[in-house]
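The chain contents come next:
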Amino acid sequence: MISNIKYMSGVKSLKDVDISGKRVLIRVDFNVPVDSHNNITDDRRIRAALPTINYCIDHNACSITLVTHFGRPKGAYDEKYSLVHVKKRLERLLNKNVEFIDDFEKSKDEIATCSLERVFLLENIRFHPGEQKNDREFSKKLASICDIYVNDAFGTSHREDSSTFGITEFVDTKVAGFLMMREIEAFSKALEVPVHPITLVVGGAKISTKITLLESVLKKIDKLIIGGAMSNTFLKALGYDMKSSLYEADYVDTAIQVLNEAKNSGVKVYLPVDLVVTDSIEQPIDIKVVPAQDVMDTFMAVDIGPATVKLFSEVVGLSNTIIWNGPMGIYESDKFSKGTFKLATAIADSYAYTIVGGGDTADAVDRCGESENFSFISTGGGASLELLEGKILPGFKNLDRKE
Ligand code: ADP
Ligand code: MG
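As the structure is a prediction and not an experimental result, all values here were calculated from the model.

S.K.: Please explain helix 10 (residues 252–264) as it appears in this structure.
M.R.: In an α-helix, one full turn covers 3.6 residues, which means residues spaced three or four apart are oriented alike. The terminal C-alpha atoms of helix 10 lie 19 Å apart, and with 13 residues this matches the ideal 18 Å at 1.5 Å per residue to within 8%. All of the buried residues along helix 10 are V252, T254, A255, V258, L259 and A262. In a view along the axis of helix 10, the buried residues occupy a sector of 160 degrees, so they form one face of it. Among the exposed residues of helix 10, those pointing more than 90 degrees away from its buried face are D253, K263 and N264. Of the surrounding elements, those touching the buried residues of helix 10 are helix 8 (211–217), strand 8 (223–226), helix 9 (228–237) and strand 9 (268–270). Downstream of helix 10 by one or two residues, G266 has phi in the positive range, about 75 degrees.

Now the structure itself:
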C-alpha cells in the first residue's frame, strides 16, 4: 500500500494542463489573521497563493476566479467576515485590479466573457449555507462557473466542503495549485525520502490531539522530543507528581504505551529535565525553574527549563531532519515563551532539513523572528496535522492523477 503522502504527490498540478482560454476557478485559503479593526496581521497565506494566480495570468486563462472562506460566519452574510480587506491586500500584492463578486450566479456571464488577465474574487464562500454542508446542488452551481478547478487551499484541504471537495464531482479538469504541491513535497522530503536521523519535536496543549500523529510516525523517526503540556502527561506516567500542571489523567496509560512502542521501535525519547513553574498563568507572582521531579504544591509547569533547552538543542543539533509540531510552553505569554523561542533558534541554526506543521508552532516561530531560517513552514495547522497522521486529505482525494 502506498503512503498517504505518495498518493497525494500523484495528483496533477496546474502545470500538467492547458489553461489558455479557459475559465479557471482557484480555491485559495485567504483565511488570514486580523486584529480588532480587521487589519490583516499576517498575509503569508495570500502571498503563498501568488505563484498559482500569476501562473494563470501568464498562461492566458480566460478568467480567474478566486474562492476562499474567511473566519466562521454562520452560512449567511456578516459584514465582519466580508473579504473587502482581503481584496485590498491582494490587489497590492498582485499589483493589479481585482473585481469583487457578491453573487457568483448573477456574475456568471461576466466570468465567461474572456478578457485576458481578469481576476475575480468571490465574497466569503461560507456566506452560503451549502458550503460547509458540502451540499451537492451548491457544488454543482459553483462548478458551473469554471472549466478548470484548481485547489490551492492547503490550509482547508482537510475539510470536505463544497469548494474544497464536493465541486470536483462536477468539473472535468481538476488539479492542484503550486502551494498544495509545495506542501506535499516538503512533507515528502521529511518523511518519504528523509536524511536520517529524523527527530520529531512535539509539544502543545494535549496528548489527546496528537496521539494519532505519534502512532503514525513513530516507525519512521529516530528521535522523539516531547515538551509543552503534552510532556506533563508523560512525566506523570514516569511517576512524577505534576501538581497543578495541565496534564491529561485519562492519557497516562497512552503515554506509557507510546514510551513502550518507542522503545520497541528503537526511537530515543527526550523529556524535560527541568521546568519553568508558576503560581498563576494570568497573574504570576512566583516563577521558578525546578527539576521535573520537584514541581511544588499549587504550582504548574508552563515552559521547559534552561537545562532542557540545552538538552533538546543538542539533540536537534545532531539531527538531519526535524519535524516540529507544538510549542514547548505557553509561548503566547512573554514570561513563558523562552523555551519555545530558544528551541526555535536551535532548530533554525541546525544544518537539518526543518519543517514546521501546526498553527501555533508556526505563529511561535514567526514571533521570534526565525521564519526565514526554517526549510519549510506549513500554511495549514489542522491540515498538516492530519497529513502527519497518515490521512489522505479530502482536498487532494478527487483531483486528476498523473499516469
Ligand atoms: P499547534 O497549533 O502548533 O499544533 P497546539 O494547538 O497543539 O499547537 O498547542 C499550542 C498550545 O499549547 C498553546 O496555546 C500553548 O499555550 C499551549 N501549551 C503549551 N505548553 C503548555 C503548558 N505547559 N501548559 C498549558 N498550555 C500549554
Ligand atoms: Mg493549535
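Now that the structure is up, let's keep going.
S.K.: Help me understand empty space enclosed by the protein in this model?
M.R.: With a probe scaled to a water molecule rolled over the atoms, the places where space remains empty come into view. Considering all chains together, one arrives at 2 cavities of 30 Å³ or more under this definition. Roughly 50 Å³ of volume is contained in the largest cavity. The wall of the largest cavity is formed by V28, D29, R45, A48, A49, D152, G155, L179 and T379. Among the elements that line the lining of the largest cavity, the one with the most residues is helix 2 (residues 44–58), at 3 residues. A per-class count over the lining of the largest cavity returns 4 nonpolar, 2 polar and 3 charged. Lining the second largest cavity, in full, are I101, D102, D103, F104, L122, E123, I125 and H128.

S.K.: Mind showing me how you'd approach the site of ligand 1 here?
M.R.: In the neighbourhood of ligand 1, 18 residues make up the surrounding shell, with A205, K210, E332, D360 and T361 lying closest. A229 is positioned such that a nitrogen or oxygen atom in its backbone is 3.2 Å from a nitrogen atom of ligand 1. Considered on its own, ligand 1 offers 580 Å² of accessible surface; in the complex 82% of this is hidden by protein. Those elements that place two or more of their residues in the shell around ligand 1 are helix 9, strand 12 (300–304) and helix 13 (359–367). Counting residues per element, the shell around ligand 1 draws most heavily on helix 13, at 3 residues. Looking at the shell around ligand 1, its residues break down into 7 nonpolar, 8 polar and 3 charged.

S.K.: When you look at a positive patch on the surface in this model, what are you seeing that I'm missing?
M.R.: A cluster of basic side chains, namely R72, K74, K80 and R159, defines a positive patch on the protein surface. Mapped onto the elements, K74 comes out in the loop between strand 2 (63–67) and helix 3 (84–94). A relative accessible area of 78% means that K74 is categorised as exposed.

S.K.: Would you take a moment to explain the domain arrangement of the protein chain for this structure?
M.R.: Where the parts come together, the accessible area they lose is often given as the size of the interface. Domain boundaries assigned for the protein chain yield domain 1 (12–180) and domain 2 (194–388). A straight line from the C-alpha centre of domain 1 to that of domain 2 covers 36 Å. With 9 residues of domain 1 at the interface, the matching set in domain 2 holds 11 residues. Buried surface at the junction of domain 1 and domain 2, both sides included, amounts to about 770 Å², of which 58% is carbon and sulfur. Interface area lost by domain 1 to domain 2 is led by R44, F154 and H158, which between them contribute 67%. At the junction of domain 1 with domain 2, the criterion picks out 0 salt bridges. Linking domain 1 with domain 2 are 1 residue pair in polar contact (both at pLDDT 80 or more). For the side of domain 1 that touches domain 2, the leading source of residues is helix 2, giving 3 residues. Its residues placed into classes, the side of domain 1 that touches domain 2 shows 3 nonpolar, 3 polar and 3 charged.

S.K.: Teacher, can you tell me more about the sheet that holds strand 15 (residues 376–377) here?
M.R.: Strand pairs in the sheet, formed through backbone hydrogen bonds, run parallel or antiparallel to each other. Read across the sheet, 6 strands follow the order 9-8-7-13-14-15 without closing on themselves; strand pairing throughout is parallel. Taken across any chain shown, the strands that pair with only one partner, and hence form the sheet edges, are strand 9 and strand 15. Strands in contact with helix 7 (residues 178–191) are strand 7 (198–202), strand 13 (321–325), strand 14 (353–356) and strand 15; relative to strand 14, the strand with the most contacts, it is inclined by about 125 degrees.

S.K.: Whenever I open this one, helix 2 confuses me. Can you help?
M.R.: Compared with an ideal rise of 1.5 Å per residue, which puts 15 residues at 21 Å, helix 2 spans 22 Å between its outermost C-alpha atoms and is within 8% of the ideal. The largest bend in helix 2 is about 35 degrees, located at L50, with the proline P51 one to four residues further on. Within helix 2, the full set of buried residues consists of I46, A48, A49, L50, T52, I53, Y55, C56 and I57. Along its buried surface, helix 2 packs onto strand 1 (23–27), strand 2, helix 3, strand 4 (119–122), strand 5 (148–151) and helix 7. Note on helix 2: the residue one or two positions beyond its end, N60, has a positive phi of about 60 degrees.

So, how was this worked out
- Sequence order as written defines the numbering, with residues in each chain counted from 1.
- Just so you know, chain letters begin at A and ligand numbers begin at 1, following the order they were written in.
- Under the rules for a predicted model, residues below a pLDDT of 70 receive no local features and side-chain atom pairs below 80 are neither given nor counted, while totals for whole chains, interfaces and linings still include all residues.
- Hydrogens and waters are ignored; side-chain quantities use all the structure's heavy atoms.
- For the purposes of this entry, the term helix denotes a DSSP run of H or I that reaches at least four residues, the term strand denotes a run of E that reaches at least two, and both are numbered from the N terminus.
- Working rule for helices: expected span equals 1.5 Å times residues minus one.
- For every residue, the accessible area (1.4 Å probe, protein chains only) is compared with the maximum for its type, and the residue is labelled buried under 20%, exposed over 50%, or partly exposed between those bounds.
- Each C-beta atom gives one direction from the helix axis, and the arc is the one those directions make.
- The contact criterion used throughout is that any non-hydrogen atoms of two residues lie within 4.5 Å.
- Each cavity reported here is a set of points on a 1 Å grid over the protein atoms alone in which a 1.4 Å probe fits but cannot get out, each pocket an open set with protein on both sides within 12 Å along at least five of seven lines, and each lining residue one with an atom within 4 Å of a point.
- Grid points are joined across faces, edges and corners, and a volume is the space filled by probe spheres set on the points.
- Each residue gets one label: Ala, Val, Leu, Ile, Met, Phe, Trp, Tyr, Cys and Pro are nonpolar, Asp, Glu, Lys and Arg are charged, and the others, such as Gly, are polar.
- Whether a residue is near a molecule or strand depends on its heavy atoms: if one lies within 4 Å, it is near.
- Polar contacts, as counted here, are pairs of nitrogen or oxygen atoms within 3.5 Å of one another; within protein the pair requires one atom able to donate a hydrogen and one able to accept it, and residues that are adjacent in sequence qualify only if both atoms are side-chain atoms.
- With residues, only the protein chains shown are counted as cover, and all accessible areas are computed by Shrake-Rupley using a 1.4 Å probe.
- To count toward a patch, a residue needs a relative accessible area over 30% and no salt bridge; like charges are then connected within 9 Å, while nonpolar side chains (Val, Leu, Ile, Met, Phe, Trp, Tyr) are connected within 5 Å.
- Counted as salt bridges are all cases of a side-chain nitrogen of Lys or Arg within 4 Å of a carboxyl oxygen of Asp or Glu.
- For the purpose of counting charges, residues Lys and Arg are taken to be positive, whereas Asp and Glu are taken to be negative. His and the chain ends are not included.
- Here the site of a charge means atom NZ of a Lys, CZ of an Arg, CG of an Asp or CD of a Glu.
- Segmentation of the chain into domains, including their bounds, is taken from an automatic or database domain assignment.
- Defined here as a combined quantity, buried area equals the accessible surface (1.4 Å probe) lost by two parts on assembly, summed across both.
- The pairing criterion is simple: DSSP has to find at least two bridges between the two strands.
- Fitting a line to C-alpha atoms yields each axis, with helices limited to the stretch in contact; the angle taken between N-to-C directions then spans 0 to 180 degrees.
- Bend at a residue means the angle formed by two fitted axes: the first through the 7 residues ending at that position, the second through the 7 residues beginning there.

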